[in-house]
Amino acid sequence: AAAEKGGYDTFMEKEIFDQPHAVGDTLLGRTDEAGHLVLDELRISEEQLKNVDRITVVACGTAAYAGMVAKYAIEHWTRIPVEVSLAHEFRYSDPIVNERSLVVSISQSGETMDTLMAVKHARELGALTISVCNTHGSTIPRESDAVLYTHAGPEIAVASTKAFLAQITACYVLGLYLSQLRGGTFADDAQAVMKELHEVPAKIEELLGTMGRVQEIARFMADTRSVLFLGRNVGFPIAMEGALKLKELAYIHAEGFAAGELKHGPIALIEPGQPVFVVVPGPDTPHELHKKVVSNIQEIRARGARTIVIAQEGDEDVVPFADEVIRVPRTSPLLQPLLTVVPLQMFALHLSTAKGLDVDQPRNLAKSVTVE
Ligand code: G6P
């Protein structure tokens, strides 16, 4: 087993370090020489895809957070409304899905029963179904009209890491492809985004080389009973994913919130010493979201929170209000989740290790939940 872990102590750590490949391999072969997206493997006619007037993502757990990240990007690039539905909620909610709907399921294993049942239900309703999946020949791709494989390689640790990055990547490729196909206002930019996506693996690599401080922070926090995570826009699902990782791996109560929601409730939770991770949008994020999140950090700090801030290199605005700053390489706003989630995964891994817990097989959880 030691050899299978490639020199790492746990599968999870190995899989975190595999992430540059997970993203890179998922991008492979999806553009032609001119840089246009090609998705021959999709086996759904262009005509059918042009007809789509809404997209529903169905997934569970970490895969659902990948869907929530993708929603922001796909809506921006295609102007098609995207809804994200937890697969187990979808089926029994009388979903508005028909022949013009595209239902995208996201599943690492391809065997999650809730997701499978949602896909079957969507097909009964006449929807086109695409499976974003990491496991060749698994059930969900077989039950779908088309499949877009993520090439993260086998994921062994129960808590999903590299599959998550690969899922976001695959959904982005799909969104860019749809945008190119439908020729909207954004279509010309699709190639530029693809080019930037290709630069992400090297940035993840660079980031992985700077995680020493995160490990130290985790070690100091082994006795912590509650951790909050804030994010905004694509950083919001990342905040929830950071909280999920901590629940799964370290059995610590953790919640992710949309930073803008803070004043509508969660700020009441802030008391002296409360650790709060803040995923800060890059300074070039539209609508001054960067400034707004920086002022959220200021507000919680004034109430005694211990702020651990994930910010882009060169972002000095956060410094006065941060107890800790974790730097991520620069990239454009929609691609930031592929970087900002990495320190959160590392934090959960090292906190779990510091508590002496089983990182790869947390209690009560299964890698793939094949019952409803
Ligand atoms: C389980 C795992 C999670 C995973 C979820 C969805 O609950 O513990 O880590 O995110 O299933 O799995 P899937 O294979 O469908 O992506």
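Residues numbered from 1 in each chain as written. Predicted model: local features only at pLDDT ≥ 70, side-chain atom pairs only at ≥ 80, totals over all residues.

In the nomenclature of an unreviewed UniProt entry, the protein chain is known as Glutamine--fructose-6-phosphate aminotransferase [isomerizing] of Knoellia locipacati. One UniProt comment on the protein chain, placed under Catalytic activity (unreviewed entry), says "D-fructose 6-phosphate + L-glutamine = D-glucosamine 6-phosphate + L-glutamate". Word for word, the UniProt comment on the protein chain under Subunit (unreviewed entry) is "Homodimer." (UniProt positions renumbered as here; feature names shortened; annotations may be inferred.)

It is worth spelling out the sheet that holds strand β1 (residues 54–59) at this point. The strand order β2-β1-β3-β4-β5 describes an open sheet built from five strands, whose pairing is parallel. With one partner strand each, in any of the chains shown, β2 (82–86) and β5 (146–149) form the two edges of the open sheet. Averaged over all pairs of adjacent strands, the angle between strand axes in this sheet comes to 20°, irrespective of strand direction. In terms of strand pairing, β1 meets β2 through five bridges, oriented parallel. (Pairing = 2+ DSSP bridges. Helix = DSSP H or I, 4+ residues; strand = E, 2+ residues; numbered from the N terminus. Axes fitted to C-alpha atoms, helices over the stretch in contact; angles between N-to-C directions.)

The UniProt record marks Lys367 with the feature "active site" (unreviewed entry), using the residue numbering of this structure. You can see Lys367 is positioned in the segment after α13 (337–354).

Right, let's talk about the site of the ligand for a bit. By nearness alone, 16 residues border the ligand, and Gly61, Ser107, Gln108, Ser109 and Thr112 come closest of all. Per element, the largest residue contribution to the shell around the ligand is three residues, and it comes from helix α4 (residues 61–78). A breakdown of the residues in the shell around the ligand according to their chemical character gives six nonpolar, nine polar and one charged. (Near = placed C-beta within 6 Å. Nonpolar A, V, L, I, M, F, W, Y, C, P; charged D, E, K, R; others polar.)

A few words on the sheet that holds strand β9 (residues 306–312). Adjacent strands of a sheet form backbone hydrogen bonds with each other and so pair up, either parallel or antiparallel. Strand order in the open sheet formed by five strands is β7-β6-β8-β9-β10, with parallel pairing between adjacent strands. In this open sheet, the two strands that pair with only one neighbour each are β7 (253–258) and β10 (324–328). With strand direction ignored, the average angle separating the axes of adjacent strands in the sheet is 20°. By the bridge criterion, six bridges tie strand β6 (residues 226–231) to β7 in an arrangement that is parallel. Bridge pairing in β7 places Phe229 opposite Gly256.

To continue, consider the pairing of strand β8 (residues 275–279). Across the five residues of β8, five count as buried, placing the element largely inside the fold. Burial of β8 is two-sided: the residues Pro275, Phe277 and Val279 facing one way and the residues Val276 and Val278 facing the other way are all buried. In this structure, β6 lies alongside β8, joined through three bridges in parallel fashion. Paired with Leu230 across the strands is Val278, a residue of β8. For β8 and β9, the ladder comprises five bridges, and the chain directions are parallel. When the sheet's bridge partners are listed, Val278 is paired in β9 with Val309. (Buried ≥ 20, exposed ≤ 12 C-beta atoms within 10 Å, placed from the backbone.)

Moving on to the nonpolar core. One finds Leu230, Val278 and Val309 to be the most contacted residues of the largest nonpolar core, which totals 123 residues. Ranked by the residues each element gives to this core, the list is headed by helix α8 (residues 162–182), at 13 residues. Leave out the neighbours within four places in its chain, and Val278 touches Leu230, Val293, Asn296, Ile297, Thr307, Val309 and Ile310. (Core = buried A, V, L, I, M, F, W, Y, C linked by C-beta atoms within 7 Å. Contact = placed C-beta atoms within 7 Å.)

Secondary-structure assignment places Thr62 in helix α4. Taking the number of C-beta atoms within 10 Å as the measure of exposure, Thr62 has 23 and is therefore buried. With 46 residues separating them in the primary sequence, Thr62 and Gln108 have C-alpha atoms 9.3 Å apart. Sequence-distant contacts of Thr62, defined by excluding residues within four places in its chain, comprise Ser160, Phe164, Glu241 and Leu244.

Glancing now at α8. Three or four residues apart is the spacing at which side chains of an α-helix point the same way, because the helix has 3.6 residues per turn. An ideal rise of 1.5 Å per residue puts 30 Å on 21 residues; α8 measures up with 30 Å between its terminal C-alpha atoms. Directly after α8, the chain includes Gly183, whose backbone phi takes a positive value near 60°. (Expected span 1.5 Å × (residues − 1).)

On to unusual backbone geometry, then. In this structure, Asp94 is a non-glycine residue whose phi angle is positive, near 55°. Note that Asp94 resides in the loop between α5 (87–90) and β3 (101–107). Taking the number of C-beta atoms within 10 Å as the measure of exposure, Asp94 has 7 and is therefore exposed. Phi is positive for Asn233, close to 55°, though the residue is something other than glycine. Looking at where Asn233 falls in the secondary structure, it is placed in the loop between β6 and α11 (235–250). C-beta crowding within 10 Å serves as the criterion here: with 23 such atoms nearby, Asn233 is assigned to the buried category.

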